[in-house]
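For reference, the chains in residue letters:
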Amino acid sequence: MELTRRDFIKASAAAAAFAAVGVSVARPKGAEAAETGITWGKAPCRYCGVGCCVLVGVKGGKIVATKGDPAGPVNKGLNCIKGYFLSKALYGKGRLTTPLIRKGNKMVEASWDEALTLIASKYKEAIAAHGPDSVAMYGSGQWTIHEGYTASKLMKGGIGTNNLEPNARLCMASAVVGFMNTFGSDEPMGCYDDLDLGDTYILWGANMAEAHPVLFSRLIDNKLKHPGVKLIDIATRKTRTTKMADEYIAMKPHGDLAAVNAIIHVILRDKLYDESFIKQHVNFKRGKENAPYGLKDKEVFNETPADIKNLTFDEYKELMKQFTPQWGEKISGIPAKKIEELARIYSDKSRKVNSLWTMGVNQHARGVWVNNLIYNLHLLTGKICKPGENPLSLTGQPSACGTAREVGTFAHRLPADMVVMNEAHRKKTAEIWGIDPAKISAKVGLHTMEMFRAIDRGELKCIWIQCTNPFQSLPNVSRLRKAAEARKAFIVVSDIYPTKSTEVADVILPSASWVEKEGVFGNTERRTQQWFKMIEPPGQAKADTWQLIEFAKRMGLGHLFPYSEKGFYKEMWEEYRKFTIGVGKDLAPYEAYAKVRGLRWPVKPDGKETRWRYTETDDPYVKKGEGVKFYKAPGNKVNAWFRPYEPPAESPDKEYPFWFCTGRLLEHWHTGTMTGRVPELKRAVPGATIEMHPEDAKRIGIKNRDMVRITSRRGTIVLPAEINGRSTPEKGSVFTTFFDETKLINELCIDAFDPLSKEPDFKKCAVKIKKA
Amino acid sequence: MPTEPTHTDISRRQFLKGSAITPLALMLAGSGIAAVYLRPATAGGFTLRPPGAITEKRFLAACVRCGKCAQACPYKSIKMAGGEAGVGIGTPIIIPREMPCYLCSDLPCIKACPSGALDKKLEDIEKVRMGTAVIIDRESCLSIRGLRCEVCYRQCPLIDKAITIEPRHNTRTGEHTIMEPVVHKEKCVGCGICEQSCVLPKPVIVVQRTVEIQKDNYEF
């Protein structure tokens, strides 16, 4: 912080006072903290999916302070330690400030015109020779809604390929498919208010204390205020979350798939279900089984309507008889007695039960199935769509929901829950975009893993990566890095710092970040948050929307973006908003977002937000007297899926005896390109470590901080051991983080993925460990 | 906020060279300088010594200034004090903000000590008592202000023993938890990792001289 503590307090007090008396601090110009000469503006935090609101203090064209926004409903003025140092993410060493073009092994400075003309010529060349499906774009859940929308319109409506993917494929894809095939609409029915209103929280493999820091502080406050509140942590390692939970239940990796089935078995066996809720709202279905793991290139697995069988409730009950608690114990490691107990907690009429999960369930070779099964728990017991009683899938990126999911920047999606395979959806999209429906391809594009494998196969000729770092974050990354280094495709990377991905780029473009441009993010709880541009980007850095539209002009597609310079963000928003109106995903007019700290969709005609979907208590689409209505599902009935147990892609064996799991910690975010440049965070946690159970370490002769070699079938890496530290994996498991760019942890990870969501399983593969 | 003692970061070789002439230089320095520097360490001038250091007064007498503990330290946490340390010149010190003690389980510094200044009877790292971490600036501590920081806690090698989190309701927001780090001096070894990792420009948690637990009749 360049500000002294006293200045900061004064300025904060001023900003808080403005907020308290209802003076808008939205526009930097509007709210001058006169004493200090700092202008304050509002923005959502740049980092995770929680969506904390911050106030950004600008003086002399530079951010001089940030603070939690007291008016922000999510965080009420608080931040985590990453958020505290938020502005430093922009002022780290080595910001990219000029376009760079590869000349042999050197990256040479170029003008924007040279760089964009080169990119356009490469794209044109590839399209002319190999068709539009030979080019691709890979974006991000950190893209603003405008950036994702621009990319979608450009690729799907302009170039005519669905080869558009977000990095959210790596984190939220399983949640998306789970929502779609259970409820017929993406994103949760509940919201963060459930964290304040419920009394029972069951965490499935989620280290919320570190991955969703401010939300966790909110959840724990509910516990402090209400002694009856119970927090149960079901996980494969003891974490900071465990420490604050009432109960920790150790589970084997992949054990959730068996454990939830066994809990459902008990609920059915002992008739603990809510029969009238089931009768009114639930269909039972059985999908395609014996699914592959995506390890082979071009492996296809789809669950088509022909593969889906309808079941009666009795048939479903019969099928579930095999999953006894004893069977569940054998596979999940959770004692049968605990499974019985959990079934009773889930169905206890006096308890308001919430399930919370994130990457443990989503980055899972059967992630969609586990999502489906958790929904079954809530559907069978009727504990859903009620204040304080919901399943809530937590997200990890600031706009995984807003951009990747709502705009639909996946290879199969169009805005507002629509898909490219559906003719009516293509028609509606083409109408709003003002293009010929034939322009939008009906063919699903390459999903992320196939997109990068296609580079290796020589099938994908051009790829443009924006706002993400796949050459560090993808599993089995060495294959993909080798392909890129062999220059098998023309690779463009837009980013704000040099990364492991810019290393392999042919063109590097300097981007504007966060408040260096205007934007909108959408968080976990359907909250859409807008901010204005507050400072200029450094050097020649430009917003990703500008880069894409300048490229579009050179591709002869400039007409797709007819927005005026002055009204750019509003005009594009109002066009995008058309997709959302009347389909249960309604967004508000652009101006509305400038005045508030976000609104949760569907936004009602009177401008008010919706906290709980599908219920008459709050959702404008449900009439009074209808109670709960799943109006996005066919026949207003949602699907409870029969999903059996199938093993993970790779399990420990004699040669590779340990489970290997990867994840996040509080101090750093994703691949550390931003937090790694914040000296305070870097000093706090300088690099990755390997967490081990003390007994495993002792057996192998490893002491705390000893260097340890970890080897999988795909790669090997050396990390210092961390024993009895912030987390302790169960025996037979090791854990590390993926933020450290000096350690390509993902070289070890298997590139197996969920056959339905195509989301890789970063949580499970087999490794051997030895003292280095 | 006491100012940190400055020090000389010298390699073993430089140190050996230097140590040959140091006693001579000291003698020549005369009584004027001695009056300034030859003072016992006080609470304000607390010097963090390597693990196993005997009481400061006895330590100064016992330590032969050989630098073997510094040489044995794999993290270069142990440095040799320069002239500013007065009678302590050439004795081993740890400056947590630069490099804290990482508590090697085999305590190589103690093993290397030929003089007994580092107590060889100490074998269990949890019994090390170099000092005690103290939150000296509660008003600035981000965790106490309600932010989700707690870096010192998560970095503590004796997490949940030497530092615990005491959660309490945040009355300002009405919806969040203040997760306050609390140091337990009966467990804290004084390694300084918390002081090193504190994210604020001036660490709000610093290692100080361990104050003995005061005994009275109130045992619960």
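Residues numbered from 1 in each chain as written. Chains lettered and ligands numbered in written order. Predicted model: local features only at pLDDT ≥ 70, side-chain atom pairs only at ≥ 80, totals over all residues.

Novice: With reference to specific residues and values, describe the overall build of chain B.
Specialist: Check the secondary structure of chain B and you find 6 helices and 6 strands. Secondary structure elements in chain B, listed N-terminal to C-terminal, are α-α-α-β-β-α-β-α-β-β-α-β. For chain B, with 220 residues in total, the buried portion stands at 40%. (Helix = DSSP H or I, 4+ residues; strand = E, 2+ residues; numbered from the N terminus. Buried ≥ 20, exposed ≤ 12 C-beta atoms within 10 Å, placed from the backbone.)

Novice: For the overall build of chain A, give the residues involved together with the corresponding values.
Specialist: Tallying secondary structure elements over chain A gives 26 helices and 32 strands in all. Taken over C-alpha atoms, the radius of gyration comes to 25 Å for chain A, in line with the 28 Å a tight globule of 772 residues would show. With the principal axes as the frame, chain A shows a C-alpha extent of 70 × 65 × 60 Å. Among the 772 residues that make up chain A, the fraction classed as buried is 62%. A separation of at least 24 residues holds for 71% of the contacts in chain A among residues at least 6 apart in sequence. (Rg over C-alpha atoms; globule rule 2.2 N^0.38 Å. Contact = placed C-beta atoms within 7 Å.)

Novice: Just give me the short version of the packing of helix α4 (residues 145-159) of chain A against helix α22 (residues 544-554) of chain A, but keep the residues and values in it.
Specialist: Residues and elements named next belong to chain A. It is the contact of α4 with α22, at a shortest axis distance of 8 Å, that shows an interaxial angle of 20°. Put simply, α4 runs roughly parallel to α22. Once α4 is placed against α22, the crossing between them reads as left-handed. Contacts from His146, Glu147, Thr150, Ala151, Leu154 and Gly158 in α4 reach Asp544, Thr545, Leu548, Ile549 and Ala552 in α22. Along the lines of polarity and charge, the residues of the contact of α4 with α22 split into 5 nonpolar, 4 polar and 2 charged. (Axes fitted to C-alpha atoms, helices over the stretch in contact; angles between N-to-C directions. Parallel < 35°, antiparallel > 145°, perpendicular 65-115°, else oblique. Left-handed = near helix turned anticlockwise from the far one by under 90°. Nonpolar A, V, L, I, M, F, W, Y, C, P; charged D, E, K, R; others polar.)

Novice: Go over the pairing of strand β3 (residues 53-59) of chain A, please, and point to the residues and values.
Specialist: All names here are of chain A. Burial of β3 is extensive: 6 of the 7 residues sit out of reach of the surface. Bridging between strand β2 (residues 38-44) and β3 involves 6 bridges; their strand directions are antiparallel. The residue bridging Pro44 from the neighbouring strand is Cys53, located in β3. Looking at chain direction, β3 and strand β4 (residues 62-68) are connected through 6 bridges and run antiparallel. Looking at the pairing, Val54 lines up with Gly68 of β4. The antiparallel hairpin formed by β3 and β4 contains 2 residues in its connecting segment, where Gly60 sits at a positive phi of about 60°. (Pairing = 2+ DSSP bridges.)

Novice: Describe the nonpolar core, with residues and values.
Specialist: Residue and element names in this part refer to chain A. In this structure, Ile81, Ile263, Ile463, Ile491, Phe660 and Ile710 are the most contacted members of the largest nonpolar core, which totals 268 residues. Ranked by the residues each element gives to this core, the list is headed by helix α10 (residues 256-269), at 10 residues. What Ile463 contacts, discounting residues up to four positions off in sequence, is Ala136, Tyr138, Ile455, Ala489 and Ile491. Tyr149, Val520, Phe521 and Trp601 belong to the second largest nonpolar core, which has 18 residues in total. (Core = buried A, V, L, I, M, F, W, Y, C linked by C-beta atoms within 7 Å.)

Novice: Provide a residue-level description of the interface of chain B and chain A, including the pertinent values.
Specialist: At the junction of the two partners, chain B supplies 24 residues and chain A supplies 31 residues. Where the side of chain B that touches chain A is concerned, the elements lending two or more residues are α5 (151-155), β4 (163-169) and β5 (177-183) of chain B. Of the residues assigned to the side of chain B that touches chain A, the class counts are 9 nonpolar, 10 polar and 5 charged.

Novice: Lay out helix α19 (residues 448-456) of chain A with the relevant residues and their values.
Specialist: Along α19(A), 8 of the 9 residues are buried, which leaves the element largely enclosed by surrounding structure. Two residues or fewer past α19(A), A:Gly458 is found with a positive phi of approximately 80°.

Novice: Lay out the confidence of the model for chain B in plain terms, naming residues and giving numbers.
Specialist: In the predicted model, chain B carries a mean pLDDT of 85, and 80% of its residues have values of at least 70. Taken together, the chains of this predicted complex give a pTM of 0.92 and an interface ipTM of 0.92. (pLDDT = per-residue confidence, 0-100.)

Novice: Describe in detail the sheet that holds strand β5 (residues 100-103) of chain A, supporting the description with residues and values.
Specialist: Residues and elements named next belong to chain A. Spatially, β6-β5-β21-β20-β19-β7-β8 is the arrangement adopted by the 7 strands of the open sheet, whose pairing is mixed. Two strands in the sheet have a free side with no partner beyond their single neighbour: β6 (106-109) and β8 (164-166). Ignoring strand direction, the axes of neighbouring strands in this sheet form an average angle of 20°. Note: strand β7 (residues 135-139) against β8, 3 bridges, orientation parallel. Bridge pairing in β8 links Gly139 to Pro166.

Novice: So, the environment of A:Ile334: which residues are in play, and what are the values?
Specialist: Residue and element names in this part refer to chain A. Within the secondary structure, Ile334 sits in the loop between α13 (325-332) and α14 (336-347). When the C-alpha atoms of Ile334 and Asp256 are compared, they prove to be 9.3 Å apart, with 78 residues separating the residues in sequence. Here Ile334 is in contact with Ile249, Met251, Gly255, Ala259, Gly328, Glu329 and Ile339, once residues within four sequence places are set aside.

Novice: Which residues make up the pairing of strand β21 (residues 507-510) of chain A, and what are the values?
Specialist: Residues and elements named next belong to chain A. Here β21 shows no split at all, with Val507 and Leu509 on one side and Ile508 and Pro510 on the other all buried. Both β5 and β21 contribute to a ladder of 2 bridges, which runs antiparallel. Bridge assignment links Ile101 to a residue of β21, and that residue is Val507. Judged from the 4 bridges that link them, strand β20 (residues 490-495) and β21 form a sheet pairing that is parallel. Counterpart to Asp495 in the pairing with β21 is Pro510.

Novice: Describe the environment of A:Met692, and please don't skip the residues or the numbers.
Specialist: Residues and elements named next belong to chain A. One can find Met692 in strand β27 (residues 690-692). Overall, the presence of 30 C-beta atoms within 10 Å leaves Met692 in the buried class. For the pair Met692 and Val54, spaced 638 residues apart in sequence, the C-alpha separation works out to 37 Å.

Novice: Requested: an account of the sheet that holds strand β25 (residues 638-642) of chain A, with residues and values cited.
Specialist: Residue and element names in this part refer to chain A. Read across the open sheet, the 3 strands follow the order β14-β13-β25; overall the sheet is mixed. The open sheet has two edge strands with one neighbour each: β14 (309-311) and β25. Averaged over all pairs of adjacent strands, the angle between strand axes in this sheet comes to 40°, irrespective of strand direction. Summarising the sheet, strand β13 (residues 282-286) and β14 pair through 3 bridges and their orientation is antiparallel.

Novice: Explain the confidence of the model for chain A to me, using residue names and the numbers behind them.
Specialist: Chain-level statistics for chain A give a pLDDT mean of 95 and a share of 95% at 70 or above. Taken together, the stretch residues 1-33 of chain A has pLDDT below 50 and engages in 58 contacts with residues farther than four places along the chain or on a different chain.

Novice: Lay out unusual backbone geometry with the relevant residues and their values.
Specialist: Residue and element names in this part refer to chain A. Residue Pro602 follows Trp601 across a cis peptide bond; omega there is -5°. Secondary-structure assignment places Pro602 in the loop between β24 (599-600) and β25. Even without being glycine, Lys271 reaches a positive phi, approximately 50°. Residue position: Lys271 is located in the loop between α10 and α11 (275-281). A positive phi angle is found at Lys298, which is not glycine, with a value near 60°.

Novice: Could you give me a rundown of α10(A), with the residues and numbers involved?
Specialist: Residues and elements named next belong to chain A. When the terminal C-alpha atoms of α10 are compared, their 19 Å separation across 14 residues agrees well with the 20 Å that a helix rising 1.5 Å per residue should span. Most of α10 sits out of view: 13 of its 14 residues are buried. Immediately downstream of α10, the backbone of Lys271 shows phi near 50°, a positive value. (Expected span 1.5 Å × (residues − 1).)

Novice: Please give an account of the packing of helix α5 (residues 173-183) of chain A against helix α16 (residues 367-381) of chain A that cites residues and values.
Specialist: Residues and elements named next belong to chain A. Two elements in contact, α5 and α16, have axes whose closest approach is 8 Å; the angle formed by their N-to-C orientations is 50°. Relative to α16, α5 is oriented oblique. Of the two possible hands of crossing, α5 and α16 adopt the one that is right-handed. Counted together, Ser174, Ala175, Val177, Gly178, Asn181 and Thr182 of α5 and Gly367, Val368, Asn371, Asn372 and Tyr375 of α16 form the full contact between these two elements. Looking at side-chain class alone, the contact of α5 with α16 contains 4 nonpolar, 7 polar and no charged residues.

Novice: Tell me about the environment of A:Ala416, and please be specific about residues and values.
Specialist: All names here are of chain A. Note that Ala416 resides in the loop between β17 (413-414) and β18 (418-419). Residue class for Ala416 comes out buried when judged on the 27 C-beta atoms lying within 10 Å of it. Placed 98 residues apart in sequence, Ala416 and Glu318 show a C-alpha to C-alpha distance of 37 Å. Setting aside its immediate chain neighbours within four residues, Ala416 contacts Glu406, Phe579, Thr580, Val583 and Lys585.

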